[in-house]
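Listed below, chain by chain, are the residues.
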Amino acid sequence: MLKRTVPILIASIVGFLLIFAKFSPPLREWEDSVVLWFDILASFAFILGGGNLILNHLRKISDRVPGWGYSAITILAFGGTLLVGVLKVGVPANEKFLGYSWSGDYMT
């Protein structure tokens with residue numbers, strides 16, 4: 001129960017802080033700080049989640065449990081998605097560095 005409650009509580013508090021900071025002028029300073037901490041925590045969560053996904057599905061593949069083919073497809077899809085995201089496929093290159101396709105702004 002505690003494993004589920006604490007992360008939900010943290011996510012809820014951060015979410016409400018971001019909402020209040022967006023619409024409340026006195027809390028504008030907090031918005032930048034909260035967004036920075038959210039980015040830091042999210043990057044760790046992505047790394048831990050990706051590692052957990054790979055380890056669990058590799059275990060299913062190596063043990064040849066029923067449905068292990070779906071685990072192989074999951075790992076391939078995860079790897080393909082990760083590759084597209086890291087290489088910024090489809091993002092226009094930055095005008096200063098046209099030779100480097102991954103130099104583009106992710107918001108464009």
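As shown above, the structure is provided for reference.
Residues numbered from 1 in each chain as written. Predicted model: local features only at pLDDT ≥ 70, side-chain atom pairs only at ≥ 80, totals over all residues. Heavy atoms only, no water.

1. A short note on the packing of aromatic side chains
Any aromatic ring pair is given by two values, namely how distant the centres are and how the planes are angled relative to each other.
No. 1: By the definition in use, this model includes one aromatic pair.
No. 2: Taking the centre distance of 6.4 Å and the plane angle of 25° together, the rings of Phe16 and Phe20 count as stacked. With Phe16 and Phe20 both in helix H1 (residues 2-23) and four residues apart, this pair spans about one turn of that helix. The residues Phe16 and Phe20 share a single accessibility class, namely exposed.
No. 3: Taking the ring centre of Trp68 as reference, the NZ or CZ of Arg64 above it sits at 4.3 Å. (Phe/Tyr/Trp six-rings, centres within 6.5 Å; stacked < 30°, edge-to-face > 60°. Helix = DSSP H or I, 4+ residues; strand = E, 2+ residues; numbered from the N terminus. Buried < 20%, exposed > 50% of the residue type's maximum accessible area, 1.4 Å probe, protein only. Lys NZ or Arg CZ within 6 Å of the ring centre and 35° of its normal.)

2. What to know about helix H2 (residues 28-63)
No. 1: Compared with an ideal rise of 1.5 Å per residue, which puts 36 residues at 52 Å, H2 spans 52 Å between its outermost C-alpha atoms and is within 8% of the ideal.
No. 2: Looking only at H2, the buried set comprises Glu31, Val34, Ala42, Gly50, His57 and Ile61.
No. 3: Those residues of H2 that are buried lie in contact with H1 and helix H3 (68-86). (Expected span 1.5 Å × (residues − 1). Contact = heavy atoms within 4.5 Å.)

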